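An overview of the molecular structure
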Amino acid sequence: MAEQILLIEDEEKLARMVELELRYEGYEVEKSFDGRDGLEKALSGRYDLILLDIMLPLLSGMEVLRRLRRESQVPVIMLTARDTVVDKVSGLDSGADDYITKPFAIEELLARIRVALRKQSAPAARPANTLSAGHLVMDTDRHAVTVKGAPVELTRREFDLLRYLLENKEKVISRESLLDNVWGFDYVGETNAVDVYIRFLRAKLEEPFGEKHIHTVRGVGYVIRED
Ligand code: CA
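Residues numbered from 1 in each chain as written. Predicted model: local features only at pLDDT ≥ 70, side-chain atom pairs only at ≥ 80, totals over all residues. Heavy atoms only, no water.

Right, let's get into the coordination of the calcium ion. The reference angle at a metal is 109.5 degrees if four donors form a tetrahedron and 90 or 180 degrees if six donors form an octahedron. Summarising the metal site, the calcium ion is bound by the protein donors Asp 10 (OD), Asp 53 (OD) and Met 55 (O), whose distances to it range over 2.1 to 2.3 Å. Between the donor residues of the calcium ion, the gaps in sequence give the motif D-x42-D-x1-M. (Donors = N, O, S within 2.8 Å, 3.2 Å for Na, K, Ca; no water.)

Dropping the structure here:
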């Protein structure tokens, strides 16, 4: 799937030129022309990388970055006309991954995008929100689960159930509590939904790998243990 890039840049001609080049390289691009709209889009979590101008209407690029970093570690490359040390230092302090000074050659921008995206996909460089038990690892940012490094596809409900059990690792959780917390208090479906979904999870996470993660505590509920 094509990587999604958000370009927050108020100079429309420049934005259009960059967009065309990025699309030509196979990226999906969305543009935003002011800081407030840009921040809102950036916070949606839909993007693999953000290109962020510093001088923007409504909200400055630095402020967009500062607010974005409270919630997201998405790679950000700052675009700036002001090649000053102060800007670079404060930008990197606020969590920018890289800088490029306008005017830039498109090849240089493309090279930096490739580097930032590669860093993002390297597990060691990414401070991901991970939950784990033994060889089972969940990356809650990327909505991804692996067992022994192999990706496992889960449905939304399976993912939510597994997440709740991992967040409460080593605690035995009753079926009622799982129904309340994963399905919601207003759930009116089958009461054996939990058992059914635990079976789905076991079929995906345990059987193919010969590992046991989810333990049944008879008469009580389920628990994920670190073993
Ligand atoms: Ca600008």
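The next subject is the packing of aromatic side chains. One pass over the full model with this rule turns up two aromatic pairs. Between the aromatic rings of Trp 183 and Tyr 197, the centroid separation amounts to 5.5 Å while the plane-to-plane angle is 75 degrees, which identifies the pairing as edge-to-face. Of this pair, Trp 183 sits in helix H7 (residues 175-183) while Tyr 197 is found in helix H8 (residues 193-205), placing the two residues 14 residues apart along the sequence. Residue classification places Trp 183 among the buried positions, given a relative accessible area of 10%. Looking at Tyr 197, the relative accessible area reads 23%, which means it is partly exposed. Ring centres 5.1 Å apart and planes at 75 degrees place the aromatic pair Tyr 197 and Phe 200 in the edge-to-face group. Here Tyr 197 and its partner Phe 200 are both found in helix H8, three residues apart, which amounts to about one turn of the helix. Ring-pair connections join several aromatic residues into one group, and the members of that group are Trp 183, Tyr 197 and Phe 200. (Phe/Tyr/Trp six-rings, centres within 6.5 Å; stacked < 30°, edge-to-face > 60°. Helix = DSSP H or I, 4+ residues; strand = E, 2+ residues; numbered from the N terminus. Buried < 20%, exposed > 50% of the residue type's maximum accessible area, 1.4 Å probe, protein only.)

Spatial ordering of the open sheet is given by E6-E7-E8-E9, a layout of four strands whose pairing is antiparallel. Each having just a single partner strand, strand E6 (130-133) and strand E9 (150-152) make up the two edges of the open sheet. In this sheet, neighbouring strand axes are inclined to one another by 25 degrees on average, regardless of whether the strands run parallel or antiparallel. Summarising the sheet, strand E8 (residues 144-147) and E9 pair through three bridges and their orientation is antiparallel. When the sheet's bridge partners are listed, Val 147 is paired in E9 with Ala 150. Packing of helix H6 (residues 156-167) onto the sheet brings it into contact with E6, strand E7 (136-139) and E8, and relative to E7 it is tilted by some 110 degrees. (Pairing = 2+ DSSP bridges. Axes fitted to C-alpha atoms, helices over the stretch in contact; angles between N-to-C directions. Contact = heavy atoms within 4.5 Å.)

A few words now on the environment of Leu 68. Positionally, Leu 68 belongs in helix H3 (residues 61-69). Along the sequence, Leu 68 and Lys 119 sit 51 residues apart, while their C-alpha atoms lie 19 Å from each other. Once residues within four sequence positions are removed from consideration, Leu 68 is found in contact with Leu 39, Ala 42, Leu 43, Ile 50, Val 74 and Val 76.

Another point: the packing of H6 against H7. Packing of H6 against H7 leaves a shortest axis separation of 10 Å and a crossing angle of 120 degrees. In this view, H6 runs oblique relative to H7, as classed from their interaxial angle. Here the hand of the crossing between H6 and H7 comes out right-handed. Residue-level contacts link Arg 157, Asp 160, Leu 161, Tyr 164 and Leu 165 of H6 to Ser 177, Leu 178, Asn 181, Val 182 and Trp 183 of H7. Split by residue class, the contact of H6 with H7 holds six nonpolar, two polar and two charged. (Parallel < 35°, antiparallel > 145°, perpendicular 65-115°, else oblique. Left-handed = near helix turned anticlockwise from the far one by under 90°. Nonpolar A, V, L, I, M, F, W, Y, C, P; charged D, E, K, R; others polar.)

Let's shift gears to the pattern of salt bridges. Across all of its chains, the model carries 22 salt bridges by this definition. Residue Lys 148 pairs with Glu 211 through a salt bridge whose shortest N-O separation is 3.6 Å. Of this pair, Lys 148 sits in the loop between E8 and E9 while Glu 211 sits in the loop between H8 and strand E11 (214-217), and the two are 63 residues apart along the sequence. A residue is classified by how much of its surface remains accessible, and Glu 211, at 17% relative accessible area, is buried. In the salt-bridge network here, residues are joined through shared partners; they are Glu 9, Glu 11, Asp 53 and Lys 102. (Salt bridge = Lys/Arg side-chain N within 4 Å of Asp/Glu carboxyl O.)

Okay, the sheet that holds strand E12 (residues 221-224) next. One open sheet accounts for three strands, arranged E10-E12-E11; its pairing is antiparallel. Two strands in the sheet have a free side with no partner beyond their single neighbour: strand E10 (173-174) and E11. With four bridges connecting them, E11 and E12 associate as antiparallel partners. Among the inter-strand pairings, His 215 is bridged to a residue of E12, identified as Val 223. Of the strands in this sheet, E10 and E12 are in contact with H6, which crosses E12 at around 70 degrees. Of the strands in this sheet, E11 and E12 touch H8, which is tilted by about 145 degrees from E11.

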